[in-house]
Amino acid sequence: MIFMTSIFFSLSFGPVSWVLASEVFPTKTRSIGTSVATCANWAFNVLFSQVSNTAINNISWKYYLVFICLNAVDFVIITLFFPETKGKTLEDMAEIFGDEVDLSALHDSDDENMAPEKDKSEIAEKA
């Protein structure tokens, strides 16, 4: 049963809590948001570790079914309601979650990064 619980958790909500927390927050609040999400994750881990002995003594192996059912529900919720983030940039994620993205700042920084290359090509052409 322990292996089944681990498999269901690893395939459903296990990795989502780490990856999604780092992607959904705007740049200004990403560090604090990820910190709070990590703190909450570990707080619930401590909670489950504290109540597990009591639960196993009271309902024995059925306690694992609680986790399997909760993870199955999480899997359905994530599949239906969480947006796909694979292959998206952080700017794309900001748009998905309704944040304002200043694309002109991105284009300005691209132009600045390209400037040294333009200067080098002009120098090469003149030589």
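Residues numbered from 1 in each chain as written. Predicted model: local features only at pLDDT ≥ 70, side-chain atom pairs only at ≥ 80, totals over all residues. Heavy atoms only, no water.

Section: the packing of aromatic side chains
Item 1. By the definition in use, this model includes 3 aromatic pairs.
Item 2. Measuring from ring centre to ring centre gives 5.0 Å for Tyr63 and Phe67, while their planes differ by 85°; the resulting arrangement is edge-to-face. In this pair, Tyr63 and Phe67 are both assigned in helix α4 (residues 62-81), 4 residues apart and thus about one turn of the helix distant. This pair shows no difference in class: Tyr63 is buried, exactly as Phe67 is.
Item 3. By way of ring pairs, the aromatic residues Phe48, Tyr63, Tyr64 and Phe67 are connected into one cluster. (Phe/Tyr/Trp six-rings, centres within 6.5 Å; stacked < 30°, edge-to-face > 60°. Helix = DSSP H or I, 4+ residues; strand = E, 2+ residues; numbered from the N terminus. Buried < 20%, exposed > 50% of the residue type's maximum accessible area, 1.4 Å probe, protein only.)

Overview of the layout of surface pockets
Once rolled over the atoms, a probe with the size of a water molecule shows which space is left empty.
Item 1. In this model, the largest pocket occupies a volume close to 610 Å³.
Item 2. Taken together, 19 residues line the largest pocket, and the ones lying closest to its centre are Phe9, Asn45, Phe48, Phe67 and Asn71.
Item 3. Those elements giving two or more residues to the lining of the largest pocket turn out to be α1 (2-11), α2 (13-24), α3 (30-59) and α4.
Item 4. Here the lining of the largest pocket takes 6 residues from α3, the largest share from any one element.
Item 5. Its residues assigned to classes, the lining of the largest pocket shows 11 nonpolar, 7 polar and 1 charged. (1 Å grid on protein atoms, 1.4 Å probe; cavity = no way out; pocket = protein on both sides within 12 Å on 5 of 7 lines; lining within 4 Å. Points joined across faces, edges and corners; volume = space filled by probe spheres on them. Nonpolar A, V, L, I, M, F, W, Y, C, P; charged D, E, K, R; others polar.)

Things to note about a nonpolar patch on the surface
Item 1. On the surface, Val73, Phe75, Val76, Ile77, Leu80, Phe81 and Phe82 cluster together to form a nonpolar patch covering roughly 690 Å² of accessible area.
Item 2. Structurally, Phe81 is set in helix α4.
Item 3. Assessed through its relative accessible area of 65%, Phe81 is described here as exposed. (Patch = residues over 30% accessible without salt bridge, like charges linked within 9 Å, V, L, I, M, F, W, Y side chains within 5 Å. Areas by Shrake-Rupley, 256 points an atom, 1.4 Å probe, with all protein chains shown as cover. Salt bridge = Lys/Arg side-chain N within 4 Å of Asp/Glu carboxyl O.)

Examining the environment of Leu20
Item 1. Relative to the helices and strands, Leu20 resides in helix α2.
Item 2. Each C-alpha atom, one on Leu20 and one on Pro83, is 9.7 Å from the other, the two residues being 63 residues apart in sequence.
Item 3. Other than its neighbours up to four places away in sequence, Leu20 contacts Phe82 and Thr85. (Contact = heavy atoms within 4.5 Å.)

Some thoughts on the environment of Glu84
Item 1. You can see Glu84 is positioned in the loop between α4 and α5 (90-96).
Item 2. As a C-alpha pair, Glu84 and Ile96 span 12 residues in sequence and 9.7 Å in three-dimensional space.

Observations concerning the side chain of Arg30
Item 1. Counting through the fold element by element, Arg30 comes out in helix α3.
Item 2. Discounting chain neighbours no more than four positions away, the residues touching Arg30 are Ser22, Phe25 and Leu90.

Describing α4
Item 1. Its 20 residues give α4 an end-to-end C-alpha distance of 29 Å, which sits within 8% of 28 Å, the value for a rise of 1.5 Å per residue.
Item 2. Those residues of α4 that fall on the buried side of the exposure criterion are Tyr63, Phe67, Ile68, Asn71 and Ile78. End-on, the buried residues of α4 take up no more than an arc of 145°, which puts them together on one face. In α4, the exposed residues that point more than 90 degrees away from the buried face are Leu80 and Phe81. (Expected span 1.5 Å × (residues − 1). Arc of directions from axis to C-beta.)

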